[in-house]
Every structure is written in C-alpha cells, then in structure tokens.
Amino acid sequence: TMIGIRFLISGVLWTAVIPFWGVVMTRFGRKPVIILCALSSLSWLGYFFITSQNYMVIVPLTAAFAGALAPGFWEGIFQMMLTLAPEKNRISYISWYLALTGAVSAGGPLLGGMLDDILGSFYMPFGRGMALESFHLVMLVSLAIMTVSLLVFVRVREGSEQPLGVMV
C-alpha cells in the first residue's frame, strides 16, 4: 500500500510540476535545473530515519520531495542530450543514449541488490529504535555515485547556459 501511495504522490506531483521545470529550463538553461533537481536523490535519506512508527509520514514526505524535483532532472537530462547530439546521426545518438540509460537503469538495481546481499548481515544500531543496515549502505554508495556523476556533469558545456546561482 505504501509503495502505491509513494508512486501516486510522486506521479501526481511529476505531472503537476513538469511544465514549471520546462519554463525554468527555457529561461535559465537545462544544466542548472539538472544540478538543482539532482537533489531529488536526497529523498533517499528519509529511509535512514524510517521506523514502524513514522513510515506513514516519512514515505509521503520523501515521495513529495522527489516528485517535485525529479521531473526537472530527468527531463533536463534528456533535453540536454538532444542539445549536445550533433545534427548528423542524431537518431543514432538518441538510440545509444536510451540504450545506455536503460542498461544503467536495469544494472544499477541489480548491482545494488547484489551489494545488499553481500552486506546482508551488517547491522549497527543508532538513535532510538533505528539501525544502519545493508540497505542504508547501498543507498550511501548510490548517493556517492550520484555525487561523482554530478561533479563530472558540471564540466559539460551547454551553449548559453546560466550559472546555477542565477537560477536559484
């Protein structure tokens, strides 16, 4: 039920805010929006604090946070790929981009699950009723990979881009 609620909240917000992110991208450029909206991955941090007593609050809050920012990230990444693809053979570039995105989208959870299995017995209690477990370590690895990806992405040029500070 909570997975359904999470997808409902993020899906409704996604539909509501995607036109806003499109306008912001048109005005300030795709790159600053992508960098700002990559913060949607910070919604995963909510799972560090989730307990059987507070999940009814944490799950909707993380879904709302991700649902408000993720559309700007995903649409921005795709639009920026279109901007960077040369006119000649653009269809091939789009195909390769989508193939690689699909492979990473499938391979990432597979590798994350394998890492979770390897770390399966890890358990470190902290706070009141909370513990750091293998799932949390996998999330930390995912956030680290996302951070490295963003540091690489910052170096990509997008024509007449605006600095992130201007957009914020």
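We now turn to the structure provided with this report. (Residues numbered from 1 in each chain as written. Predicted model: local features only at pLDDT ≥ 70, side-chain atom pairs only at ≥ 80, totals over all residues. Heavy atoms only, no water.)

Another point: the overall build of the protein chain. Along its length, the protein chain carries 6 helices and 2 strands. For the protein chain, the α and β elements follow one another from N to C terminus as α-α-α-α-β-β-α-α. Taken along the three principal axes of its C-alpha coordinates, the protein chain extends 55 × 30 × 30 Å. In the protein chain, 73% of the contacts between residues at least 6 apart in sequence involve partners at least 24 apart. By element, 71% of the accessible surface of the protein chain is carried by carbon and sulfur atoms, the whole surface being about 10600 Å². (Helix = DSSP H or I, 4+ residues; strand = E, 2+ residues; numbered from the N terminus. Contact = heavy atoms within 4.5 Å. Areas by Shrake-Rupley, 256 points an atom, 1.4 Å probe, with all protein chains shown as cover.)

Turning our attention to the environment of Ser40. Here Ser40 is to be found in the loop between α2 (30-37) and α3 (55-84). Ser40 sits in the buried class, given a relative accessible area of 9%. Along the sequence, Ser40 and Ser10 sit 30 residues apart, while their C-alpha atoms lie 11 Å from each other. In this view, Ser40 contacts Phe65, Ala66, Leu69 and Ala70; residues no more than four positions away in its chain are not counted. (Buried < 20%, exposed > 50% of the residue type's maximum accessible area, 1.4 Å probe, protein only.)

Let's shift gears to a nonpolar patch on the surface. A cluster of nonpolar side chains, contributed by Leu39, Leu42, Leu45 and Phe65, occupies part of the molecular surface with about 310 Å² of accessible area. Mapped onto the elements of the fold, Phe65 is located in helix α3. (Patch = residues over 30% accessible without salt bridge, like charges linked within 9 Å, V, L, I, M, F, W, Y side chains within 5 Å. Salt bridge = Lys/Arg side-chain N within 4 Å of Asp/Glu carboxyl O.)

Now for the packing of helix α4 (residues 90-118) against helix α5 (residues 134-153). Contact geometry for α4 and α5: axes closest at 9 Å, N-to-C directions at 140°. If you check the angle between α4 and α5, you find them oblique. Viewed along their axes, α4 and α5 form a crossing whose handedness is right-handed. Facing α4, whose interface residues are Gly112, Leu115 and Asp116, α5 presents Ser134, Phe135, Val138 and Val141. (Axes fitted to C-alpha atoms, helices over the stretch in contact; angles between N-to-C directions. Parallel < 35°, antiparallel > 145°, perpendicular 65-115°, else oblique. Left-handed = near helix turned anticlockwise from the far one by under 90°.)

Right, let's talk about α5 for a bit. For α5, which comprises 20 residues, the first-to-last C-alpha distance of 28 Å matches the rise-based estimate of 28 Å (1.5 Å per residue) to within 8%. Inspection of α5 places Ser134, His136, Val138, Met139, Leu143, Met146 and Phe153 among the buried residues, and these make up the whole buried set. Where the residues of α5 are buried, they touch α2, α3, α4 and β2 (130-133). (Expected span 1.5 Å × (residues − 1).)

The next subject is unusual backbone geometry. Only a minority of non-glycine residues have a phi that is not negative, and only a minority of peptide bonds are not trans. One non-glycine residue, Asn89, lies in the positive phi region at around 65°. Within the secondary structure layout, Asn89 lies in the loop between α3 and α4.

Turning our eyes to something else, we now look at the pairing of β2. Along any regular strand the residues' side chains alternate between the sheet's two faces. One ladder, built from 4 bridges, connects strand β1 (residues 123-126) with β2; its direction is antiparallel. Counted as the bridge partner of Tyr123 is Glu133 from β2. (Pairing = 2+ DSSP bridges.)

Here we take up the pattern of salt bridges. Scanning all chains against the criterion turns up 1 salt bridge. Of the charged contacts, one joins Glu87 and Arg90 as a salt bridge, the two residues approaching to 3.5 Å between their closest N and O atoms.

This paragraph deals with the layout of surface pockets. Here the largest pocket is characterised by a volume of approximately 1800 Å³. Together, 45 residues line the largest pocket, and Trp44, Trp74, Ser105, Ser142 and Met146 are the ones closest to its centre. Those elements that place two or more of their residues in the lining of the largest pocket are α1 (2-28), α3, α4 and α5. When residues in the lining of the largest pocket are grouped by element, the largest group, 12 residues, is from α4. Residues belonging to the lining of the largest pocket are distributed by class as follows: 31 nonpolar, 12 polar and 2 charged. (1 Å grid on protein atoms, 1.4 Å probe; cavity = no way out; pocket = protein on both sides within 12 Å on 5 of 7 lines; lining within 4 Å. Points joined across faces, edges and corners; volume = space filled by probe spheres on them. Nonpolar A, V, L, I, M, F, W, Y, C, P; charged D, E, K, R; others polar.)

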